[in-house]
Amino acid sequence: MSFWEKIKQTFRSFMNGRHGADQFSMALLWTGLACYLIGSILGSIQGSVIWALLGLVLNIAGFAAYAFTIFRMFSKNNDKRNQENRRYTTLMNKAKTKQKQRKVRFNNRKQYKYFKCPSCKSWLRLPRGKGVVTVTCSRCHNSFTEKA
Ligand SMILES: [Zn+2]
């Protein structure tokens, strides 16, 4: 067996049963790198205590993100790590859906007037040019007047 194969095998047996990388780890890694870089740039600004402090805080945050990523990759508590990753992916999917809906609202802004229900804050729409109408929210059944 070659030297590299031996190293590969040692690493594989070391990682056996450990969590490894997931989407949350990758996001943490990039966030940590960005924090560290921005922190270093701010820290290099001369003659300002505030920037230096902010740079230091970002450097520490970046380092903490890295430490947490490494901890997660080598962790053997897979249930907990999967739970964290699930929470992260759910959050990202929600953000993606929100962005998609924003795009739809923007594309249809000439046909529809979009507004939020004053009671439950969910998005509603009316065809433009309808005038003043009484709207009943489909989600919370709250009634109010809206001009479209
Ligand atoms: Zn409502």
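Residues numbered from 1 in each chain as written. Predicted model: local features only at pLDDT ≥ 70, side-chain atom pairs only at ≥ 80, totals over all residues.

## Overview of the nonpolar core
Phase 1 of the analysis: With five residues, the main nonpolar core is built from Phe24, Leu28, Cys35, Leu58 and Ala65.
Phase 2 of the analysis: Those elements giving two or more residues to this core turn out to be helix 2 (23–43) and helix 3 (49–74).
Phase 3 of the analysis: With three residues, helix 2 is the single largest residue contributor to this core.
Phase 4 of the analysis: The contact partners of Leu28, leaving out residues within four places of it in the chain, are Ala65, Phe68 and Thr69. (Core = buried A, V, L, I, M, F, W, Y, C linked by C-beta atoms within 7 Å. Buried ≥ 20, exposed ≤ 12 C-beta atoms within 10 Å, placed from the backbone. Helix = DSSP H or I, 4+ residues; strand = E, 2+ residues; numbered from the N terminus. Contact = placed C-beta atoms within 7 Å.)

## Considering the domain arrangement of the protein
Phase 1 of the analysis: With domains assigned, the protein is organised as domain 1 (19–101) and domain 2 (108–148).
Phase 2 of the analysis: Placing the centre of domain 1 and that of domain 2 at their C-alpha centroids yields a distance of 39 Å. (Domains from an automatic or database assignment.)

## Brief notes about the packing of helix 2 against helix 3
Phase 1 of the analysis: Packing of helix 2 against helix 3 leaves a shortest axis separation of 7 Å and a crossing angle of 160°. Regarding the angle of helix 2 to helix 3, the classification is roughly antiparallel. Both helix 2 and helix 3 take part in a crossing whose hand is left-handed.
Phase 2 of the analysis: Per-class residue counts for the contact of helix 2 with helix 3 are 18 nonpolar, 10 polar and one charged. (Axes fitted to C-alpha atoms, helices over the stretch in contact; angles between N-to-C directions. Parallel < 35°, antiparallel > 145°, perpendicular 65-115°, else oblique. Left-handed = near helix turned anticlockwise from the far one by under 90°. Nonpolar A, V, L, I, M, F, W, Y, C, P; charged D, E, K, R; others polar.)

## Observations regarding the environment of Phe106
Phase 1 of the analysis: Turning to its location among the elements, Phe106 is positioned in helix 4 (residues 78–107).
Phase 2 of the analysis: Residues Phe106 and Met92, spaced 14 residues apart in sequence, show a C-alpha to C-alpha distance of 21 Å.

## Quick word on the packing of helix 2 against helix 4
The geometry of a pair of packed helices is captured by two quantities: the angle between their axes and the separation between those axes.
Phase 1 of the analysis: Axis separation between helix 2 and helix 4 bottoms out at 8 Å; the angle between their running directions is 70°. With respect to helix 4, the element helix 2 is oriented roughly perpendicular. Each of Gln23, Phe24 and Ala27 in helix 2 lies in contact with helix 4, whose residues at this interface are Glu84, Asn85, Tyr88 and Thr89.
Phase 2 of the analysis: Among the residues making up the contact of helix 2 with helix 4, the classes are represented as three nonpolar, three polar and one charged.

## Digging into the pairing of strand 3 (residues 132–136)
Phase 1 of the analysis: Sparse coverage of strand 3 is indicated by the burial of zero of its five residues.
Phase 2 of the analysis: Counted between consecutive antiparallel strands, the loop separating strand 3 from strand 4 (residues 143–147) contains six residues, among which His141 sits at a positive phi close to 60°. (Pairing = 2+ DSSP bridges.)

## Focus on helix 3
Phase 1 of the analysis: Between the first and last C-alpha of helix 3 there are 38 Å, a value that for 26 residues agrees with the 38 Å anticipated at 1.5 Å per step.
Phase 2 of the analysis: Burial in helix 3 covers these residues: Gly55, Leu58, Gly62, Ala65, Thr69 and Arg72.
Phase 3 of the analysis: Residues of helix 3 that are buried sit in contact with helix 2 and helix 4. (Expected span 1.5 Å × (residues − 1).)

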